[in-house]
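What follows is each chain in one-letter form.
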Amino acid sequence: MDESSFILGVDLDGVVGDFYGAMRKIAAEWLNKAEESLTAEVSFGLDEWGINEFGGYDRLHRFAVTQRHLFREMIPIKDAPATLRKLSNRGVRIRIITHRLFLKYSHETSVTQTVEWLANYDIPYRDICFMNDKAAVGAHVYIDDAPQNIKELRSGGHNTIIFSNSTNKGLAGPRADSWAQAEHIILEAMEEWRTGTMNLFRTPSQAGV
Ligand SMILES: [Mg+2]
């Protein structure tokens, strides 16, 4: 891995963009239900909203992206763009890693909406990777919300900060409940990286997972 700068691997949905908030609005329309009737306390896959009898997650997700421009219209998570600007300014190399291409046949739409959204909110990044295997993309520290990603990254020995939401309750830290907390953990980790002592959460056992 390039050791000339400290690389932060940043997930987008549920970490920088309010994916679940945006999906709740779109799902309410799609399901023909009141938004308030859909719990905000979802788990990964949105089973709580009863989407299966309407065609399931993939169909809803396709509608959201191709017809409601999910990746362009999503609201950022509070403080995320500004904090990423501060981190970038402090020398953190921001590497966005997202699995948004899991939607087949709409890659152009997914990529275009994503880069337009990043520009619209002035979210800085040096690299952007559309991949599922996040560990294959080197980063010194990752920040992610999806339980499966967090577990896989950690089991490979990768430093991973959980960005808290209802889908990842119960997983042991390090975790950030806000971008203010994330900023603190990331800057601390960068300092440790600089001095060659970064082992705060190097392995799952050390992280208490
Ligand atoms: Mg995510």
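Owing to the predicted nature of the structure, the values given are computational and were not obtained by experimental measurement. Starting afresh in each chain, residues are numbered from 1 along the sequence in its written order. Since the coordinates come from a predicted model, pLDDT governs what is reported: local features require at least 70, and pairs of side-chain atoms require 80 or more to be given and counted, while whole-chain, interface and lining totals use all residues.

Thoughts on the overall build of the chain
Point 1. Working definition: helices are DSSP H or I runs of at least four residues, strands are E runs of at least two. Numbering for both runs from the N terminus. Looking only at helices and strands, the chain has 7 helices and 6 strands in total.
Point 2. In sequence order, the secondary structure elements of the chain are arranged as β-α-α-α-α-β-α-β-β-α-β-β-α.
Point 3. We compute the radius of gyration from the C-alpha atoms alone; for a globule the expected value is 2.2 Å times N to the 0.38, where N is the number of residues. Relative to a compact globule of 209 residues, whose C-alpha radius of gyration would be 17 Å, the chain shows 17 Å and is just as compact.
Point 4. Oriented by its inertia axes, the alpha-carbon framework of the chain measures out at about 55 × 35 × 30 Å.
Point 5. Per-residue burial over the chain gives 33% buried out of 209 residues. Using C-beta atoms placed from the backbone, we call a residue buried if 20 or more other C-beta atoms fall within 10 Å of its own, exposed if 12 or fewer do, and partly exposed for counts in between.

Remarks on the packing of helix H4 (residues 80-89) against helix H7 (residues 179-195)
Point 1. Two elements in contact, H4 and H7, have axes whose closest approach is 10 Å; the angle formed by their N-to-C orientations is 20°. If you check the angle between H4 and H7, you find them roughly parallel. The hand of the H4/H7 crossing is right-handed. Counting all contacts with H4, which are made through Ala80, Thr83, Lys86 and Leu87, the residues of H7 involved are Trp179, Ala182, Glu183 and Ile186.
Point 2. Residues are grouped as follows: Ala, Val, Leu, Ile, Met, Phe, Trp, Tyr, Cys and Pro are nonpolar; Asp, Glu, Lys and Arg are charged; every other residue, Gly included, is polar. Its residues placed into classes, the contact of H4 with H7 shows 5 nonpolar, 1 polar and 2 charged. Lines fitted to C-alpha atoms define the axes, with helix axes restricted to the stretch in contact, and inter-axis angles between N-to-C directions lie between 0 and 180 degrees. Any angle between 65 and 115 degrees counts as roughly perpendicular, while under 35 counts as roughly parallel, over 145 as roughly antiparallel, and the rest as oblique. We call a crossing left-handed when the near helix sits turned anticlockwise from the far one by less than a right angle, and right-handed when that turn is clockwise. In this description, a residue-residue contact is defined by the distance between C-beta atoms placed from the backbone, which must lie within 7 Å.

Quick notes on the nonpolar core
Point 1. Grouped together as the largest cluster of nonpolar side chains are 46 residues, with contacts concentrated most on Leu8, Val10, Ile143 and Ile186.
Point 2. Boundary definitions for the domains trace back to an automatic or database domain assignment. A domain-level breakdown of this core finds at least three residues from each of domain 1 (7-17 + 75-195) and domain 2 (19-73).
Point 3. When sequence neighbours within four positions are dropped, the list of residues in contact with Leu8 reads Leu87, Val92, Arg93, Ile94, Arg95, Ala139, Val141, Ile143 and Ile186. What makes a nonpolar core is a set of buried Ala, Val, Leu, Ile, Met, Phe, Trp, Tyr and Cys residues, with links drawn between C-beta atoms within 7 Å.

Thoughts on the domain arrangement of the chain
You'll often see interface size given as the accessible area lost when the parts meet.
Point 1. In terms of domains, the chain is made up of domain 1 (7-17 + 75-195) and domain 2 (19-73).
Point 2. One C-alpha centre belongs to domain 1, the other to domain 2, and the line joining them spans 22 Å.
Point 3. Counting residues at the interface gives 18 residues for domain 1 and 15 residues for domain 2.
Point 4. Per element, the largest residue contribution to the side of domain 1 that touches domain 2 is 6 residues, and it comes from helix H5 (residues 107-120).

With respect to the sheet that holds strand S3 (residues 127-130)
Point 1. A pair of strands is labelled paired if DSSP reports no fewer than 2 bridges between them. The strand order across the open sheet built from 6 strands is S3-S2-S1-S4-S5-S6, with neighbouring strands paired in parallel fashion. Whereas interior strands pair on both sides, the edge strands pair on one side only; in this sheet they are S3 and strand S6 (175-176).
Point 2. Here strand S5 (residues 160-163) pairs with S6 via 2 bridges, running parallel. Paired with Ile162 across the bridge in S6 is Arg175.

Considerations on helix H6 (residues 147-155)
Residues three or four positions apart in an α-helix share a direction because the helix packs 3.6 residues into each turn.
Point 1. Along H6, the positions that sit buried rather than exposed are Asn149, Ile150, Leu153 and Arg154. Summarising the axial view, the buried residues of H6 lie within an arc of 120°, below the 170-degree limit, and thus occupy one face. Working definition: the arc comes from the directions between the helix axis and the C-beta atoms, pointing outward to the latter.

Examining the environment of Ile161
Point 1. As for its position among the elements, Ile161 is in strand S5.
Point 2. Sequence spacing of Ile161 and Tyr142 is 19 residues, and the spatial spacing of their C-alpha atoms is 6.1 Å.
Point 3. What Ile161 contacts, discounting residues up to four positions off in sequence, is Val141, Ile143, Pro174, Arg175, Ala176, Ala182 and Ile185.

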